[in-house]
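Below are the chains, spelled out letter by letter.
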Amino acid sequence: MDFAEFASLVSGLIAAALTLMIYSLLYRENILYRIAEHTFVGIYAGYGVAYAVKNIMDQGVSRISAGNYWFIIPMILGVMLFTRFTVKQAWISRYSMAVMVGVGTGVSVRALIEAQIVRQIKASVISLYGGPFTVIDNLIIVFGFICAFLYFFFTDISALRRPMSYIAKAGRYVLMFTFGGAFGGTVLSRMTLFAGRMQYLLSYPAYYMIPVFVAIICAMIYYDLRKKKE
Amino acid sequence: MSWARRRELPLFLSAILGIMAFADYFFDIPVLHSVVSDLQVWIIILAAFAMFMGVINLTIVHGRVVMREKDIIRRGLSAWTLFLMYLMAILGLLPPITAHPSFRWLYSTTVAALDPTVYSILAFYITSASYRAFRARNIETMIFLIAGIIVILYNAPIGGYLHPGIVTLGSWAMNVPIVAGQRAIMVGAAIGALALAIRTFTGRESAWLRAGGGG
Amino acid sequence: MVKEFDPRWMYLLLFIVVGAPLVRPLGLPLPITAPVLALYDKIESLPPGSIVLFEYGVGAASWPEHGPSNIAVLKHLLSKDVKIILIALYTAEGPTLFATKIKPAIASYLEKKTYGVDYVDFGYVTGYETAMAAIAEDMHKALTKDVYGTPIDQIPLMKNVKSARDLALVIATGYCEPYIRQFYTPYGVPVAIMTWGMNAPGYMPYISAGQLCGMVAGIRAAAEYEVLIKSPGEASASSDALSLSHLFVAILIVVGNIQYYLTRRRGGR
């Protein structure tokens, strides 16, 4: 076994152990879970540092060294962000935040009107001609959209008169159907993650950790039962 | 320098920059275009600096626990978090920066395993809630559950195997009523975002200022 | 009876329901859905020499959902005569997962291509949507160097690529809205997304409005893509586990409700 294979074996075993340490939470809160949780937080936070430095070097320092001194300003603004952690000088960071919030909002909102409002309303203006099923589907899309949208403005159905109360109620039904669909999607996402982890745990060398984990859980159950008896 | 501490100045700055970035999309003004184009690169640089915030914040929070906490387990866990955070940061900075084998090894061993596992825990809670909490108590919850079951069976390859109609029904649900509902949510959210932008452009949106604390 | 039930038994059952088909696959057929087929057809219809921006911002948390789709779509792209600009915008984890998981999976496809001529990798760039806007407007201004430190002006592939106008397709990972706002709406570049399964219902209006030209949502869709390119991978392997776990949840909802009605008829809560 060469060094790369050995490193891969150790990595696989530690990763499996950490995975099972997280799943131990399903039995009850315990120290193994907390160790895994803190390991995750620590490493994840440290991970971004190198990428931050790389981006500062590539995007900031390299531009300045190429003679674009104008880019010293965002570097200074970047350093100013750190004053947020002080009490007296925290106001300085507001200027950096102002640049981020201002430009960020302007850039993201400028195409929003067309992309998420105009185009969506336009897409709802659809033909009511065609086969009987097409007509019904298109009617559901058009009136479902209108009713659901109006429901945001007329949420308190009990305070509404007819026919507005019917429209708001229909809107609520459309939204409930949509949330049901979203729930179905969430099941898919979470099961995917779990299936992915199971796939990993059942592969080499991770499966060696399963009996160890089962023994630990059995020990925990035994300990809990004895404590209960006492 | 007391004038620089005033809240109005950063609010004015964000409003001006926001309007400039917004206007650049609709008007062809070369000077404005050049400035906004540079400002976009500024944000790339600023966002890189912002990535340090988590490290500083965690150092303060866990540093405090290590220094002051009496519980040995909590102290130990915080010290472990800080140790790993700086270890990872140092490994990442070893040349070739962000690509050192030890940096990748530690990431693959820990984060690549822990991150999806933490999120997958929700699969268990969803399963448990499906049995214990999802009750068709009225028409609304009945509609919710029917839609949920249709989409669940549609998403599972076994759905079409059980009955071909499930695929047709699922496809209809995704393309007709869900499109109507999601479109309403989308347009509603977009109008909300637009309102927030207008507040920013007029200097009325000050929620982000509070994050800075101090005077 | 319902109140006394210990959910941990259900957790154990879920381990069995998901684990069993992974050990012994059932090999259930997989119908192809329209959004997946749309992306496949879109790539098939790309003229030779087209330039595709491929955003591989996969995070570890979403690897089971995004990883297999990234691999399958990249395999498809690399088997065609198209040029690929690789970049990560969504998360800094992208380059590490690309190097450790995606690259080994597509190694045989990459061997046939020349770096810098057929594909180029810019790694992770901070700034997300603002960075997207900058890249779409002027790539040579927004991106200084590739992942190996080569200046953008010295990369042959980038000589004729200046802005989003030169792109034939954008394929991204994660959320689709920023890409629609920064690439499709201003420049008309077709956008396709590889997203979480739970985002599929939310993105249907973009598909129906023609703002998304294709979508691979979650591992099921990734498995469909693997079927389309005839290269079974990670997604196909977990397809049966997904089937049984979904069926399990659907049965639990139905059983729970039957039990609720029976209890209510007997006068309970």
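As the structure is a computational prediction, the values presented were derived from the model and not from experiment.

Engineer: Requested: an account of the overall build of chain A, with residues and values cited.
Structural biologist: In terms of regular secondary structure, chain A is built from 8 helices and 0 strands. Reading chain A from its N terminus to its C terminus gives the helix and strand order α-α-α-α-α-α-α-α. Here the C-alpha atoms of chain A give a radius of gyration of 28 Å, more than 25% beyond the 17 Å that 2.2 N^0.38 yields for 230 residues. If you line up chain A on its principal axes, its C-alpha atoms span 70 × 65 × 45 Å. When burial is assessed residue by residue, chain A has 50% of its 230 residues classed as buried. Sequence-distant contacts in chain A: of pairs separated by 6 or more residues, those separated by 24 or more amount to 38%.

Engineer: Break down the environment of Gly57 of chain C for me, with residues and values.
Structural biologist: Here Gly57 of chain C shows up in the loop between strand E1 (51-55) and helix H3 (63-78). For Gly57 of chain C, the contacting residues outside a window of four places in its chain are Ile87, Ala88, Tyr90, Thr91, Gly94 and Thr173 of chain C.

Engineer: Could you give me a rundown of the pattern of salt bridges, with the residues and numbers involved?
Structural biologist: Considering all chains together, one arrives at 15 salt bridges over all chains under this definition. Among the salt bridges present, the one from Glu69 of chain B reaches Arg74 of chain B, with a minimum N-O distance of 3.4 Å. Using a relative accessible area of 38% as the deciding quantity, one classes Arg74 of chain B as partly exposed. The structure contains a network of salt bridges with shared partners spanning Lys54 and Asp58 of chain A together with Lys145 of chain C.

Engineer: So what's going on with the side chain of Ser206 of chain B? Residues and values would help.
Structural biologist: Residues and elements named next belong to chain B. Structurally, the position occupied by Ser206 is in the loop between helix H10 (177-201) and helix H11 (207-210). Ser206 sits in the buried class, given a relative accessible area of 15%. When sequence neighbours within four positions are dropped, the list of residues in contact with Ser206 reads Arg7 and Leu11.

Engineer: Give me the lowdown on the sheet that holds strand E4 (residues 169-173) of chain C, citing residues and values where you can.
Structural biologist: All names here are of chain C. Spatially, 6 strands are ordered E3-E2-E1-E4-E5-E6 in an open sheet, and the strand pairing comes out parallel. With partners counted over all chains shown, the strands left at the sheet margins are strand E3 (119-124) and strand E6 (214-217), one partner each. Between one strand axis and the next, the sheet turns by 10 degrees as a mean value, whatever way the strands run. Bridging between E1 and E4 involves 3 bridges; their strand directions are parallel. Bridge assignment links Leu53 to a residue of E4, and that residue is Val170. Strand contacts of helix H8 (residues 200-208): strand E5 (191-195) and E6, with the helix running at about 175 degrees to E6, the strand carrying the most contacts.

Engineer: How would you explain the nonpolar core if you had to name every residue and give the values?
Structural biologist: Ile85, Ile171 and Phe183 of chain C are the most contacted members of the largest nonpolar core, which has 158 residues in total. A per-element tally of this core places helix H7 (residues 164-201) of chain A first, with 10 residues. Contact partners of Ile85 of chain C, with chain neighbours within four places excluded, come to Ile51, Val52, Leu53, Phe54, Val120, Phe122, Met139, Leu157, Met158, Val161 and Leu167 of chain C. Listed in part, the 43 residues of the second largest apolar core include Val49 and Val103 of chain A, Trp42 of chain B together with Ala133 of chain C.

Engineer: If you had to explain the packing of aromatic side chains to someone new, which residues and values would you point to?
Structural biologist: Evaluation of the coordinates by the stated rule reveals 40 aromatic pairs over all chains. Centre to centre, the rings of Tyr23 of chain A and Phe15 of chain C are 5.6 Å apart; their planes meet at 90 degrees, and the pair counts as edge-to-face. Of the two residues, Tyr23 of chain A is situated in helix H1 (residues 3-23) and Phe15 of chain C in helix H1 (residues 7-23); the pairing between them involves two chains. The buried category is assigned to Tyr23 of chain A, whose relative accessible area is 2%.

Engineer: Lay out the interface of chain C and chain B in plain terms, naming residues and giving numbers.
Structural biologist: Contacts between chain C and chain B engage 61 residues on the former and 54 residues on the latter. Roughly 5100 Å² of surface becomes buried between chain C and chain B when both sides are summed, with 70% attributable to carbon and sulfur atoms. In terms of surface lost to chain B, no three residues of chain C exceed Glu137, Lys141 and Ile253 of chain C, which account for 10% of the buried area on that side. The tally of links from chain C across to chain B stands at 1 salt bridge. The partner of Lys141 of chain C in a salt bridge is Asp38 of chain B, with the nearest N and O atoms 2.6 Å apart.

Engineer: Summarise the pairing of E4 of chain C; cite the residues concerned and give the values.
Structural biologist: Residue and element names in this part refer to chain C. The element E4 is largely enclosed, with a buried count of 5 among its 5 residues. Alternating residues of E4 divide into Leu169, Ile171 and Thr173 and Val170 and Ala172, and every residue in both groups is buried. Bridging between E4 and E5 involves 4 bridges; their strand directions are parallel. By the bridge assignment for E5, Val170 is matched with Val191. With helix H7 (residues 177-187) bridging E4 and its parallel neighbour E5, the resulting β-α-β unit is right-handed.

Engineer: So what about the pairing of E3 of chain C? Which residues, and what values?
Structural biologist: Residue and element names in this part refer to chain C. Here E3 lies mainly inside the structure; 6 of its 6 residues are buried. Across 4 bridges, the pairing between strand E2 (residues 83-88) and E3 is parallel. Looking at the pairing, Ile85 lines up with Val120 of E3. The parallel pair E2 and E3 is bridged by helix H4 (residues 93-110), and the resulting crossover is right-handed.

Engineer: Report on a nonpolar patch on the surface, specifying residues and quantitative values.
Structural biologist: Residues and elements named next belong to chain A. Together, Leu128, Leu139, Phe143 and Ile146 give the surface a local cluster of nonpolar side chains, amounting to about 330 Å² of exposed area. By secondary structure assignment, the location of Ile146 is in helix H6 (residues 132-153). The class of Ile146 is partly exposed, set by a relative accessible area of 38%.

Engineer: How would you explain the packing of helix H1 (residues 8-26) of chain B against helix H2 (residues 30-50) of chain B if you had to name every residue and give the values?
Structural biologist: Geometry of a packed helix pair, given as the angle between the helix axes and the separation of the axes. Residues and elements named next belong to chain B. Two elements in contact, H1 and H2, have axes whose closest approach is 9 Å; the angle formed by their N-to-C orientations is 115 degrees. As H1 runs across H2, the sense of the crossing is left-handed. Facing H1, whose interface residues are Leu17, Met20, Ala21, Ala23 and Asp24, H2 presents Leu32, His33, Val35, Val36 and Leu39. For the contact of H1 with H2, the per-class residue count stands at 8 nonpolar, 1 polar and 1 charged.

Engineer: I'd like to hear about H1 of chain C, residue by residue, with values.
Structural biologist: For H1 of chain C, spanning 17 residues, the distance from its first C-alpha to its last is 25 Å, which sits close to the expected 24 Å at 1.5 Å a residue. Within the sequence span of H1 of chain C, burial applies to Pro7, Met10, Tyr11, Leu14, Val17, Val18, Gly19, Pro21 and Leu22 of chain C. Buried residues along H1 of chain C sit in contact with H7 of chain A, helix H6 (111-132) of chain B together with helix H10 (234-237) and helix H11 (239-265) of chain C.

Engineer: With reference to specific residues and values, describe the interface of chain A and chain B.
Structural biologist: Interfaces are often sized by the accessible area lost when the parts come together. With 107 residues of chain A at the interface, the matching set in chain B holds 117 residues. When the two sides are added together, the surface that chain A and chain B hide from each other amounts to roughly 10600 Å², 80% of it contributed by carbon and sulfur. Considering only the surface of chain A that becomes buried against chain B, Arg94, Arg110 and Phe177 of chain A emerge as the three largest contributors, covering 8% of it. Counting across the interface, chain A meets chain B through 2 salt bridges. Inspection of the region where chain A meets chain B yields 14 residue pairs in polar contact (both at pLDDT 80 or more). Secondary structure elements with two or more residues in the side of chain A that touches chain B: H1, helix H2 (31-65), helix H3 (72-80), helix H4 (93-110), helix H5 (112-124), H6 and H7 of chain A. Per element, the largest residue contribution to the side of chain A that touches chain B is 26 residues, and it comes from H2 of chain A. Looking at side-chain class alone, the side of chain A that touches chain B contains 69 nonpolar, 26 polar and 12 charged residues.

What counts and how
Residues numbered from 1 in each chain as written. Chains lettered and ligands numbered in written order. Predicted model: local features only at pLDDT ≥ 70, side-chain atom pairs only at ≥ 80, totals over all residues. Heavy atoms only, no water. Helix = DSSP H or I, 4+ residues; strand = E, 2+ residues; numbered from the N terminus. Rg over C-alpha atoms; globule rule 2.2 N^0.38 Å. Buried < 20%, exposed > 50% of the residue type's maximum accessible area, 1.4 Å probe, protein only. Contact = heavy atoms within 4.5 Å. Salt bridge = Lys/Arg side-chain N within 4 Å of Asp/Glu carboxyl O. Pairing = 2+ DSSP bridges. Axes fitted to C-alpha atoms, helices over the stretch in contact; angles between N-to-C directions. Core = buried A, V, L, I, M, F, W, Y, C linked by side-chain atoms within 4.5 Å. Phe/Tyr/Trp six-rings, centres within 6.5 Å; stacked < 30°, edge-to-face > 60°. Buried area = accessible area lost by both parts, 1.4 Å probe. Right-handed = clockwise from strand over helix to strand, strands pointing away. Patch = residues over 30% accessible without salt bridge, like charges linked within 9 Å, V, L, I, M, F, W, Y side chains within 5 Å. Areas by Shrake-Rupley, 256 points an atom, 1.4 Å probe, with all protein chains shown as cover. Left-handed = near helix turned anticlockwise from the far one by under 90°. Nonpolar A, V, L, I, M, F, W, Y, C, P; charged D, E, K, R; others polar. Expected span 1.5 Å × (residues − 1). Polar contact = N/O pair within 3.5 Å; in protein donor to acceptor, adjacent residues only side chain to side chain.

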